[in-house]
Amino acid sequence: MGVKGLWTILAPTAQKKALWELKDQTVAIDLSGWICENQLIDNFNANLYLRNLFFRTSYMLLVGIKPIFILEGKAPTLKHSTIERRRILSGSSTVSDENSKKNRGNRSRLNSMQKQCEDLLKSIGVSCYYSEGEAEALCALLNKENIVDAVISQDSDCFLYGAKTVYRNFTIGSCGGSVEVYTLSSIEKKLSLGRNKLIALSLLCGCDYNDSGILGIGKESALKYLSMCTDSEVLTRLSSWRSSYSSVVQSNSNVTSLSKLEWNLVRKALQNPEFPFLEVQKEFLENQSTIKGDVIFEWKQPNIKHFVMLTERLLGWNTNYSLEKCVPLLSRWHLLYDNSSKENIAGSIQLERVVKKRTLRNVPSYEVKWKDFETTTIEPYCIFRVKYENAVQDYESTKKKTNKSKKTKKKEPENFMFECDQQVEIDDVINNLSHLDIQATADDSLTVSDFECSARDLLELSSIVESIASGSR
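Residues numbered from 1 in each chain as written. Predicted model: local features only at pLDDT ≥ 70, side-chain atom pairs only at ≥ 80, totals over all residues. Heavy atoms only, no water.

### Quick look at the sheet that holds strand β9 (residues 363-370)
- Pairing within the open sheet is antiparallel, and its three strands lie in the order β8-β9-β10. Single-partner strands in this sheet number two, and they are β8 (351-360) and β10 (376-380). Taken over all neighbouring pairs, the strand axes of this sheet differ in orientation by 30° on average, direction set aside.
- With eight bridges connecting them, β8 and β9 associate as antiparallel partners. Across the sheet, residue Arg 358 finds its bridge partner in β9, namely Ser 365.
- Of the strands in this sheet, β9 and β10 touch helix α17 (residues 319-337), which is tilted by about 35° from β10. (Pairing = 2+ DSSP bridges. Helix = DSSP H or I, 4+ residues; strand = E, 2+ residues; numbered from the N terminus. Axes fitted to C-alpha atoms, helices over the stretch in contact; angles between N-to-C directions. Contact = heavy atoms within 4.5 Å.)

### Regarding the packing of aromatic side chains
- Taken as a whole, this structure holds 21 aromatic pairs when the rule is applied.
- Geometrically, the ring pair formed by Trp 299 and Tyr 337 is edge-to-face, given 5.9 Å between the ring centres and 70° between the ring planes. A residue pair is termed long-range when its members are at least 10 positions apart, and Trp 299 in the loop between α15 (278-285) and α16 (304-314) and Tyr 337 in helix α17 qualify at 38 residues.
- On the accessibility criterion, Trp 299 (6% relative accessible area) is buried.
- Among the residues examined, Tyr 337 registers a relative accessible area of 34% and is labelled partly exposed.
- Ring plane angle 65° and centroid distance 5.8 Å describe the contact between Tyr 366 and Phe 384, whose orientation is recorded as edge-to-face. (Phe/Tyr/Trp six-rings, centres within 6.5 Å; stacked < 30°, edge-to-face > 60°. Buried < 20%, exposed > 50% of the residue type's maximum accessible area, 1.4 Å probe, protein only.)

### A closer look at the packing of helix α10 (residues 195-205) against α15
- Close contact between α10 and α15 brings their axes to 11 Å; oriented N to C, the two are set at 145°. In this structure, α10 meets α15 at a crossing whose hand is right-handed. Along its contact with α10, which presents Arg 195, Asn 196, Ile 199, Ser 202 and Leu 203, the element α15 presents Val 280, Gln 281, Phe 284 and Leu 285.
- Across the contact of α10 with α15, the residue classes break down as five nonpolar, three polar and one charged. (Left-handed = near helix turned anticlockwise from the far one by under 90°. Nonpolar A, V, L, I, M, F, W, Y, C, P; charged D, E, K, R; others polar.)

Here it is as structure tokens:
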């Protein structure tokens, strides 16, 4: 997807970043990329893309990332042949289809999956926007216009459409999640490849709109040539090849004014009658995507009933599991965006009690129990306190009293020798010591220091005392 081999070329500029570092960022997501990547996995779960979509979106919302999902619109005519080729390779179409020409560019299967994704996202309160054409084109425009901080996509075309920052290989896991960060500024600085040079690379090596590129031109020779040009002149230079050298190529002559490398590229490029692919250049440079209305992140109240019904039908989840996954989203939405009142929210979710303090990924938090739900949620202290300051104060006050009570409670003294309900009479002890070579005092207090005896006698003394205690019970 995108320019052939471009991600490999850009790899030296990539930086890995944890998802929590994207907190408070607004990102435009090319949804088709997430759908298509799951179609490549041989898995018995046909709706894996829906499952992954939910868990990824849920993670982003709880971490504080603001996603704007962009869905594919009508495919550009330039891409029809590529779509048809992919359909044939996937086995969903054959070359001999009677309606193959009529169906070229048809995205009926993708549109159906996008609709399911849209329904799932709406059930948790997240909105989607449709692009007029390619989703990555609108994503790039939103980034270019600083409406979003970055684009999440697997498609390298984003940079050719004007994107400035692209997050690739989005992953989540038990230890957190991460993305690979690519920025156009870093690409220009480290590789000397600006937007126009990337477009030129797509013309020479191939992309979604020029699938084969130029026969015989690889990325090494293309990159070597691009290093000889400035970003501002490169497209003009390529576009002039046909008008300047077509007759020379036809006569099989040589041009001494060009370097050997450029002349070799010219001869190969002019063998393709469509070069310099002006329509492809126009697609990237004159992005036809338009921003209709306000494209903003908006998180509405999740609809638990709709979510439970939808996940049961599409994913086979039972009610308890669905609630376990959706309640944390409802509670977080309530804490962040529910302005109905501070602590009275009939119709959505109501606080029952603070269970205990927790620390999640080094963030001080509370474990919270909500009325009518068995599931508890973990809420960051800084967010929860804003909405429920009184509940926090009550919890902290109760906890202090409990801790103080534990500290002031006196510990009962332990009997060194034995425990009994009745006091052992000292006379009983003395009477049973007559056969021992021990001198005892008839004092009311009897301790080991009152006796002079051997170790063997002391053991026998202990046995006598225990027997007396047993008899007194």
